[in-house]
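Residues per chain are reported as follows:
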Amino acid sequence: MTTEHDLVDRVSPREELVRFLLDSGALTGDWAAAFDAAPRAAFLPDLMWPYDMDTGASRSVDRSADPAGWEREAYANVPVTIQWDDGHHTGPAPGRVPTSSASMPSVVSRMLADLDVFPGAHVLEVGTGTGWNAGLLSARLGGQCVVTVEVDRSVAAEARMALKRAGLHPEVVCGDGWDGWPDGAPYDRVIVTAGVREFPRAWLEQTRPGGLIVAPWGTHYCDEDALVRLTVADDGSASGPFLRPLEFMKLRAQRLDWRRFGSHVGTYPGDAAEEAVSVTLADLGEGRRFHGAKFVMGLCVPDCAHVLNTDRGESTLWFFDMAEGSRSWASAVFRAGEAKATVHQSGPRRLWDEVSRALEWWRGLGSPPVDSFGLTVTPEGAHRPWLADSSRPVPSFAAE
């Protein structure tokens, strides 16, 4: 006799994923057929590295050694790394830096819903990766409506083969997504699957007036992004709200090279008097993923990068001015058991002063979440964040 338990056991990992996405609202009904036509597993390599959301670590899964386990991971709602160290990594162990991945399925499905496509919509994707996202778009719109650009030659080749095996035929271009793809312009929609720190003019120029650009955007202050949906105007500008926080691998042309700050800290402890402050690491969003503080500090303190170093009960936040030729820096040292942090600063920019004023401004407004903000990009390329609507620019606390 077949029992209800038997029927549940027969549900495949693929079916479980689609059911989960539908039940959670991450997948809308109009995309369900595309998820059936372009299954995630068809775009993943035999050796892959799923990311454990609880431990923050990646582990290898080999299809030839554990086909059932591989299938479970392929349809788990977790991101999967498919390349380490720009392709220079070999072997089954995780590499140093993940450089290409299949995004978490719930993130993929929500971003596609945000794209608001329509029959016949012409879409440019920046960041092909595995090809799964391009496959979903092609299953929904037809391959003739989709162009996807990938900077890494080997990743593009693997994606092209996976799409062909799945019977899906978008145009796959190996090139720098920073340039878009003018041969296919104009586009009704542009979707970017890498973290962006600056919108290139090419994306705005290649999008029709009224068209949408959906991308993870943030500042070099931290790795956190927020998904922004920009509407392109007749004058070539683009503006729209941040929808929710998330984090993507950064566009290769816009990665932050930390070596540029190697000569910033000359004489420690700097040229300013030591200061004791009552701000905590938690206040600044450290250790609180997508808390909002770090993202907003990046909006209010332009051209500033920061990093947290922890060693033996002592944590130091470093702040560096990114302006060319600048050597301004600040540090805040937090010690276990001490109520106040010790601040040192150096250079024309007093970066800690700027950060603390930005924090005071944000908290004075009740700490509005990321989706209270938005972004306008001018035709000249200026990026202007705002709060609630474009008539309320976010203040910059950088010294004039």
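Source: prediction; values computed, not measured.

## Section: the overall build of the protein chain
On a plain count of helices and strands, the protein chain comes out with ten helices and 19 strands. Whereas a compact globule of 400 residues would reach a radius of gyration of roughly 21 Å, the protein chain reaches 23 Å, a difference of no more than 12%. Taking all 400 residues of the protein chain together, the buried fraction comes to 50%. For the protein chain, long-range pairs separated by at least 24 residues make up 60% of all intrachain contacts whose partners lie at least 6 apart in sequence. Accessible surface computed for the protein chain: about 18600 Å², of which carbon and sulfur atoms make up 49%. Between the centroid of the 38 positive side chains of the protein chain and the centroid of its 55 negative side chains there is a distance of 1 Å.

## Quick look at the layout of surface pockets
Of the pockets and cavities examined, the second largest pocket occupies roughly 510 Å³. Contributing to the lining of the second largest pocket are 24 residues, with Arg197, Trp217, Thr219, Pro302 and Asp303 lying nearest its centre. Only helix H9 (293-300) and strand E19 (383-387) provide two or more residues apiece to the lining of the second largest pocket. With three residues, the single largest contributor to the lining of the second largest pocket is E19. The residue inventory of the lining of the second largest pocket, partitioned by class, reads twelve nonpolar, eight polar and four charged.

## Observations regarding the pairing of strand E18 (residues 373-377)
Among the five residues that make up E18, five are buried, leaving the element largely enclosed by the rest of the structure. With five bridges connecting them, E18 and E19 associate as antiparallel partners. Bridged to Leu375 within E19 is Pro385. Taking the residues that link successive antiparallel strands as the turn, the E18-E19 hairpin has five residues, and the phi of Gly381 there is positive, at about 100 degrees.

## Details of empty space enclosed by the protein
Counted under the stated rule, the structure contains one cavity of 30 Å³ or more. Roughly 40 Å³ of internal volume is contained in the largest cavity. What lines the largest cavity is simply Leu17, Val18, Phe35, Pro39, Arg40, Tyr75 and Trp132. Here the residues of the lining of the largest cavity sort into six nonpolar, no polar and one charged.

## Regarding the packing of aromatic side chains
Taken as a whole and judged by the stated rule, the model has 16 aromatic pairs. Between Trp217 and Phe295 the ring centres are 6.4 Å apart and the planes differ by 80 degrees, which places this aromatic pair in the edge-to-face class. Taken together, the positions of Trp217 in strand E10 (residues 207-217) and Phe295 in helix H9 put the pair 78 residues apart, joining distant regions of the chain. Summarising the burial analysis for this pair, Trp217 and Phe295 share the class buried. One cation-aromatic arrangement involves Arg140 over Trp31; the distance from NZ or CZ to the ring centre is 4.8 Å.

## Some points on the side chain of Ser315
Secondary-structure assignment places Ser315 in strand E15 (residues 314-321). Judged by relative accessible area, Ser315 falls into the buried class, the value being 11%. In terms of polar contacts, Ser315 uses its side chain to reach the side chain of Thr310, at 3.1 Å. Filtering out sequence-adjacent residues up to four positions away, Ser315 remains in contact with Leu281, Leu308, Asn309, Thr310, Ala332, Val333 and Phe334.

## Topic: the nonpolar core
With 58 residues, the main nonpolar core has Phe199, Trp203, Trp217, Phe242, Phe319 and Trp352 as its most contacted residues. Once residues lying within four places of it in the same chain are set aside, the contact partners of Trp352 are Glu275, Val277, Val279, Leu284, Phe319, Ala330, Ala332, Val343 and Gln345. Membership of the second largest hydrophobic core comes to 40 residues, among which are Val80, Ala102, Met111 and Val214.

## Brief notes about unusual backbone geometry
Outside of glycine, negative phi angles account for most residues, and trans bonds account for most peptide bonds. Of the consecutive residues Ala185 and Pro186, the connecting peptide bond is found in the cis state with omega at 5 degrees. By secondary structure assignment, the location of Pro186 is in the loop between strand E8 (171-174) and strand E9 (187-192). At Asp303, a position not held by glycine, the phi torsion is positive, near 55 degrees. Checked against the element boundaries, Asp303 lands in the loop between H9 and strand E14 (304-311).

## Overview of helix H6 (residues 132-141)
Buried residues dominate H6, accounting for eight of its ten residues. Within the span of H6, buried status applies to Trp132, Asn133, Ala134, Gly135, Leu136, Leu137, Ser138 and Leu141.

## Focus: the packing of helix H5 (residues 105-115) against H6
Across the interface, H5 lies against H6 with an axial gap of 11 Å and an inter-helix angle of 45 degrees. The angle between the axes of H5 and H6 places the two elements in the oblique class. Our pair here, H5 against H6, has a crossing hand that is right-handed. On the side of H5, the interface is formed by Pro105, Val108, Leu112 and Leu115, while H6 contributes Trp132, Asn133, Leu136 and Leu137. Its residues placed into classes, the contact of H5 with H6 shows seven nonpolar, one polar and no charged.

The rules we used
- Residues numbered from 1 in each chain as written.
- Predicted model: local features only at pLDDT ≥ 70, side-chain atom pairs only at ≥ 80, totals over all residues.
- Heavy atoms only, no water.
- Helix = DSSP H or I, 4+ residues; strand = E, 2+ residues; numbered from the N terminus.
- Rg over C-alpha atoms; globule rule 2.2 N^0.38 Å.
- Buried < 20%, exposed > 50% of the residue type's maximum accessible area, 1.4 Å probe, protein only.
- Contact = heavy atoms within 4.5 Å.
- Areas by Shrake-Rupley, 256 points an atom, 1.4 Å probe, with all protein chains shown as cover.
- Lys, Arg positive; Asp, Glu negative; His and termini not counted.
- Charge placed at Lys NZ, Arg CZ, Asp CG, Glu CD.
- 1 Å grid on protein atoms, 1.4 Å probe; cavity = no way out; pocket = protein on both sides within 12 Å on 5 of 7 lines; lining within 4 Å.
- Points joined across faces, edges and corners; volume = space filled by probe spheres on them.
- Nonpolar A, V, L, I, M, F, W, Y, C, P; charged D, E, K, R; others polar.
- Pairing = 2+ DSSP bridges.
- Phe/Tyr/Trp six-rings, centres within 6.5 Å; stacked < 30°, edge-to-face > 60°.
- Lys NZ or Arg CZ within 6 Å of the ring centre and 35° of its normal.
- Polar contact = N/O pair within 3.5 Å; in protein donor to acceptor, adjacent residues only side chain to side chain.
- Core = buried A, V, L, I, M, F, W, Y, C linked by side-chain atoms within 4.5 Å.
- Axes fitted to C-alpha atoms, helices over the stretch in contact; angles between N-to-C directions.
- Parallel < 35°, antiparallel > 145°, perpendicular 65-115°, else oblique.
- Left-handed = near helix turned anticlockwise from the far one by under 90°.

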